[in-house]
Amino acid sequence: MAENHVNCLRDVGKTRPVLEHITNKWSILILTVLCTRPSRFNEIRRRLDGITHKALADALKRLERNGLVHREVLPVSPIGVEYSITPLAQTLQQPFLALYDWALEYGPALEQAQAAYDLNQADKQDYPSDNRA
């Protein structure tokens, strides 16, 4: 097992750029939304509470450039655009669903850990240690 771990770390230089493209906050959420069904820009924005127009536009362009999102101009008046995931992005559906399920299951544990850490840090500020040599 340790050997496999070392071998995985050897390829960090190859995997880091790929992971940076797909694991940022908005990319994962956008792809998760689009996994359920193709959607228009404003529908995606409504479903992703807190994303700005610019952040969504930039993320969709980045995902399209990386071959993960397909952008289709719809023949309607006024012109509409619909986004969907590509076959390449469909291969991410299983890992993203696993992350989503993990977040639902372990989110409370993360919140507890954060609260404990914050309390510990506050205690340290209330009672600073003497660091003089």
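As a reminder, the structure under discussion sits directly above these lines.
Note that the coordinates shown come from a computational prediction; the quantities given were computed from them, not determined experimentally. Each chain carries its own residue numbering, running from 1 in the written order of its sequence. At least 70 in pLDDT is required for a residue's local features to be given in this predicted model, at least 80 for side-chain atom pairs to be given and counted, and no such filter applies to totals for whole chains, interfaces and linings, which use all residues. Heavy atoms throughout the structure, all of them, feed into the side-chain values; hydrogens and water do not.

*Asks:* Would you take a moment to explain the overall build of the protein for this structure?
*Replies:* Of regular secondary structure, the protein possesses 7 helices and 3 strands. Helix and strand labels come from DSSP, where a helix needs a run of H or I of at least four residues and a strand needs a run of E of at least two; each type is numbered from the N terminus. What you see in the protein, going N to C, is helices and strands ordered as α-α-α-β-α-α-β-β-α-α. Split into buried and exposed, the 133 residues of the protein put 23% on the buried side. Method for areas: the Shrake-Rupley scheme with a 1.4 Å probe, in which residue coverage is limited to the protein chains shown. As displayed, the protein offers around 10200 Å² of accessible surface, 56% of which is attributable to carbon and sulfur atoms. Throughout, exposure labels follow a simple rule: accessible area from a 1.4 Å probe, protein chains only, divided by the maximum for the residue type, with under 20% read as buried, over 50% as exposed, and the rest as partly exposed.

*Asks:* I would appreciate a short explanation of the nonpolar core in the present structure.
*Replies:* Looking at soluble globular proteins, one finds that nonpolar side chains tend to be buried together. In terms of nonpolar packing, the biggest core is built from 24 residues, with I30, L31, I44, L60 and Y83 touching the most fellow members. Mapped onto this core, the elements with two or more residues apiece are α3 (25-36), α4 (41-47), α5 (53-65) and β3 (80-85). Contacts are assigned to residue pairs that have any heavy atoms within 4.5 Å of one another. Beyond its immediate chain neighbours, meaning those up to four positions away, L60 contacts I30, F41, I44, V69 and Y83. Among buried residues, the Ala, Val, Leu, Ile, Met, Phe, Trp, Tyr and Cys ones that are joined through side-chain atoms within 4.5 Å form a nonpolar core.

*Asks:* Teacher, can you tell me more about α3 here?
*Replies:* Given 3.6 residues per helical turn, the α-helix brings residues three or four places apart onto the same face. Within α3 the residues assigned to the buried category are W26, S27, I28, I30, L31, V33 and L34. The opening residue of α3, the one whose side-chain oxygen lies 3.2 Å from the backbone nitrogen of W26, is N24. A 3.5 Å cut-off defines polar contacts: any pair of N or O atoms within that distance qualifies, except that in protein one atom must be a possible hydrogen donor and the other a possible acceptor, and neighbouring residues in sequence count only when both atoms are side-chain atoms.

*Asks:* What's the story with the pairing of β3 in this structure? I'm lost.
*Replies:* Two faces make up the sheet, and in a regular strand the side chains alternate between them. The buried fraction of β3 amounts to 5 of the 6 residues, a majority that puts the element mostly inside the structure. Of the pairings in the sheet, the one linking strand β1 (residues 39-40) to β3 comprises 2 bridges and is antiparallel in character. Considered in β3, the bridge of S39 is made with Y83. As defined by bridge partners, strand β2 (residues 69-74) adjoins β3 across 6 bridges and the pair is classed as antiparallel. Bridge pairing links H70 to S84 in β3. Two strands pair if DSSP finds at least two bridges between them.

*Asks:* Hey, could you run me through the side chain of S27 in this one?
*Replies:* Relative to the elements of secondary structure, S27 occurs in helix α3. In contact with S27, other than residues within four places in its own chain, are H21, I22, R62 and L63.

*Asks:* What am I meant to see in the pattern of salt bridges here?
*Replies:* Where charged atoms from two side chains of opposite charge come close, those side chains can pair. For salt bridges, the criterion is a side-chain nitrogen of Lys or Arg within 4 Å of an Asp or Glu carboxyl oxygen. Within the structure shown, the criterion is met by 3 salt bridges. A salt bridge links R16 to E20; the nearest nitrogen and oxygen atoms lie 3.2 Å apart. In this pair, R16 and E20 are both assigned in helix α2 (residues 12-22), 4 residues apart and thus about one turn of the helix distant. A salt bridge links E43 to R37; the shortest N-O distance between them is 2.5 Å. For R37, a relative accessible area of 41% corresponds to the partly exposed category.

*Asks:* For this particular structure, what's the right way to read the packing of aromatic side chains?
*Replies:* To describe a pair of aromatic rings, one takes the distance between the centres and the angle between the planes. Working definition: rings of Phe, Tyr and Trp (its six-membered ring) pair if their centres are within 6.5 Å, and the pair is stacked with planes under 30 degrees apart, edge-to-face with planes over 60 apart, and tilted otherwise. Tallied over the entire structure, the rule returns 1 aromatic pair. Relative to Y106, the ring of W102 has its centre 5.3 Å away and its plane inclined at 35°; by these criteria the two rings are tilted. Separated by 4 residues within a single helix, W102 and Y106 lie in helix α7 (residues 93-126), roughly one turn from each other. For W102, a relative accessible area of 42% puts it in the partly exposed group. Residue Y106 is classed as partly exposed on the basis of its relative accessible area, which comes to 36%.

*Asks:* Which parts of the structure should I look at to understand the packing of α3 against α5?
*Replies:* Helices that pack against each other are described as a pair by the angle of their axes relative to one another and the distance between those axes. One way to put it is that α3 packs onto α5 with a least axis distance of 10 Å and a crossing angle of 75°. Viewed along their axes, α3 and α5 adopt a mutual orientation that is roughly perpendicular. Contacts between α3 and α5 involve W26, S27, I30 and L31 from the former and A55, L56, A59, L60, R62 and L63 from the latter. Interaxial angles span 0 to 180 degrees and are taken between N-to-C directions of axes, which are lines fitted to C-alpha atoms, for helices over the stretch in contact. Orientation categories follow fixed angle ranges, with anything under 35 degrees roughly parallel, anything over 145 roughly antiparallel, 65 to 115 roughly perpendicular, and all other angles oblique.

Function cannot be read off these values alone, since they describe shape.
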